[in-house]
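# A closer look at the structure
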Amino acid sequence: MPRTRKAPKFKTVDELIERFGVPPSRILMDPFPGTATEADVLRYLELADKKICELIDGTLVEKDMSAEASYVASILIGYLQGYLRANCNPGMVLGADGTLKIMPGMVRIPDVSYTSWDRLPGRKVPVAPIPELYPDLAVEVLSPGNTKAEMAQKRKDYFVSGVSVVWQIDPIERTVRVYNTPDDSATYAVGDIVDAAPVLPDFRVPVADLFANLQTPPPKKRGKANGSR
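Computed from a predicted structure; not experimentally measured. (Residues numbered from 1 in each chain as written. Predicted model: local features only at pLDDT ≥ 70, side-chain atom pairs only at ≥ 80, totals over all residues. Heavy atoms only, no water.)

### Observations regarding the overall build of the protein
Secondary structure assignment for the protein yields five helices and twelve strands. For the protein, the C-alpha radius of gyration of 17 Å lies close to 17 Å, the compact-globule estimate for 229 residues. Taking the principal axes of its C-alpha atoms as reference, the protein extends roughly 50 × 45 × 35 Å. Carbon and sulfur atoms make up 55% of the accessible area of the protein, which totals about 11,200 Å². In the protein, 29 side chains carry a positive charge and 29 a negative one; their mean positions are 3 Å apart. (Helix = DSSP H or I, 4+ residues; strand = E, 2+ residues; numbered from the N terminus. Rg over C-alpha atoms; globule rule 2.2 N^0.38 Å. Areas by Shrake-Rupley, 256 points an atom, 1.4 Å probe, with all protein chains shown as cover. Lys, Arg positive; Asp, Glu negative; His and termini not counted. Charge placed at Lys NZ, Arg CZ, Asp CG, Glu CD.)

Structure (C-alpha cells):
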C-alpha cells in the first residue's frame, strides 16, 4: 500500500508552479488546482483529445511525452520481459499508461515500472484502473519539455512512497542515471552496462542498445529546460 504524507498548501500560483517544477501550460485548470481527483485523471484519458495527466495534491499536471522517449521505453520493456521469462516471472512490468496511486492524493505514471508479485494480492495484475501501488523500480525517460526541477520532485515523490530504485534515461545525452536516493546517482553512458540492483539481481542492459536507431545525435549540451541539467 502507498505510504501516507501531508499534502502541502499553496498560497500563490508561483508556489504551485514551484511545487511541480513544470511550465504553467502543463498545469490543467479544469478542475481548478487543488480540487482534482483520480476520476479526473481517468476522464481526461477518455476524451477525444486524450491527455495523460498525473495527479499531485489535487492538481492535474499533463505528462510531457515524445516519440523518442516512447521508443527508448519500449526497448527497456523488451529487456525486462526477457529477464522475467528467464527468471521464473518474478514481477509485473508496466509501460507509460501504467497509472499508479503511489501515495494518497498522488498519481504518478512512470514511463516504465517494475513491481514484484510478492507485493501484489494473489500475485495478479490489479483490476483497478489506478491501483494503490508504488513500484520497486520506476523509470523516467526524458522528453524535451521535462525540467530539472520536475524530475527532482518526481524522484523525491518516488522514494517517499517506497520505490527502491529510479532510473532517469536521457535520449539526447545518451545516458542512464541510476538513483538509490533522490539526489545521489551513478551515471552510465554508451559503452557501459547498467543494472537495477538490488531490485532485479543480475539484470543487465547495454546502454547503447537503449538508444539504437535514434535519429538525432547527442549534442554537446542540452537546453536549460531539460531534466538532465
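### Comments concerning the sheet that holds strand E1 (residues 53-56)
Ordered by their spatial adjacency, four strands build an open sheet running E2-E1-E5-E4, and the pairing between neighbours is antiparallel. Edge positions in the open sheet fall to strand E2 (59-62) and strand E4 (100-103), since each of these has one partner strand only. Put simply, the sheet's adjacent strands are angled 40° from each other on average, direction ignored. Bridging between E4 and strand E5 (residues 106-108) involves three bridges; their strand directions are antiparallel. Following the sheet pairing, Met103 is matched in E5 by Met106. Sheet contacts for helix H1 (residues 13-20): E1, E2 and E5; angle to E2, the most-contacted strand, approximately 55°. (Pairing = 2+ DSSP bridges. Axes fitted to C-alpha atoms, helices over the stretch in contact; angles between N-to-C directions. Contact = heavy atoms within 4.5 Å.)

### Some points on helix H4 (residues 148-161)
The terminal C-alpha atoms of H4 lie 20 Å apart, and with 14 residues this matches the ideal 20 Å at 1.5 Å per residue to within 8%. At the exit of H4 stands Gly162, carrying a positive phi of roughly 125°. (Expected span 1.5 Å × (residues − 1).)

### Describing the pattern of salt bridges
Evaluated as defined, the whole model comprises 15 salt bridges. Between Lys101 and Glu38 there is a salt bridge whose closest N-O contact spans 3.1 Å. Here the residue Lys101 occupies a position in strand E4, and Glu38 occupies one in helix H2 (residues 38-46), the gap between them amounting to 63 residues. Judged by relative accessible area, Lys101 falls into the buried class, the value being 15%. In this structure, Asp157 and Arg108 form a salt bridge, with 2.6 Å as the shortest nitrogen-oxygen distance. Here the residue Asp157 occupies a position in helix H4, and Arg108 occupies one in strand E5, the gap between them amounting to 49 residues. Like Arg108, Asp157 is buried. Through salt bridges with shared partners, a single ionic network connects Arg19, Glu54, Asp57, Lys63, Arg108, Asp111, Glu140, Lys154 and Asp157. (Salt bridge = Lys/Arg side-chain N within 4 Å of Asp/Glu carboxyl O. Buried < 20%, exposed > 50% of the residue type's maximum accessible area, 1.4 Å probe, protein only.)

### Here we look at H2
All of the buried residues along H2 are Asp40, Val41 and Tyr44. Projected onto a plane normal to the axis of H2, the buried residues spread over an arc of 105° and lie on a single side. In H2, the exposed residues that point more than 90 degrees away from the buried face are Ala39 and Glu46. Of the surrounding secondary structure, the elements contacted by the buried residues of H2 are E1 and E2. (Arc of directions from axis to C-beta.)

### Some thoughts on the nonpolar core
Membership of the largest hydrophobic core comes to 29 residues, with the highest contact counts inside it found for Leu76, Leu137, Trp167, Ile169, Leu200 and Phe203. Mapped onto this core, the elements with two or more residues apiece are helix H3 (67-86), strand E6 (112-116), strand E7 (137-141), strand E8 (165-170), strand E9 (175-179), strand E11 (193-196), strand E12 (200-206) and helix H5 (207-210). Per element, the largest residue contribution to this core is seven residues, and it comes from H3. Apart from the residues lying within four places of it in its own chain, the contact partners of Leu76 are Val112, Val139, Trp167, Ile169, Phe203, Val205 and Leu210. Of all hydrophobic cores here, the second largest spans 22 residues; its members include Val22, Ile27, Ala138 and Tyr179. (Core = buried A, V, L, I, M, F, W, Y, C linked by side-chain atoms within 4.5 Å.)

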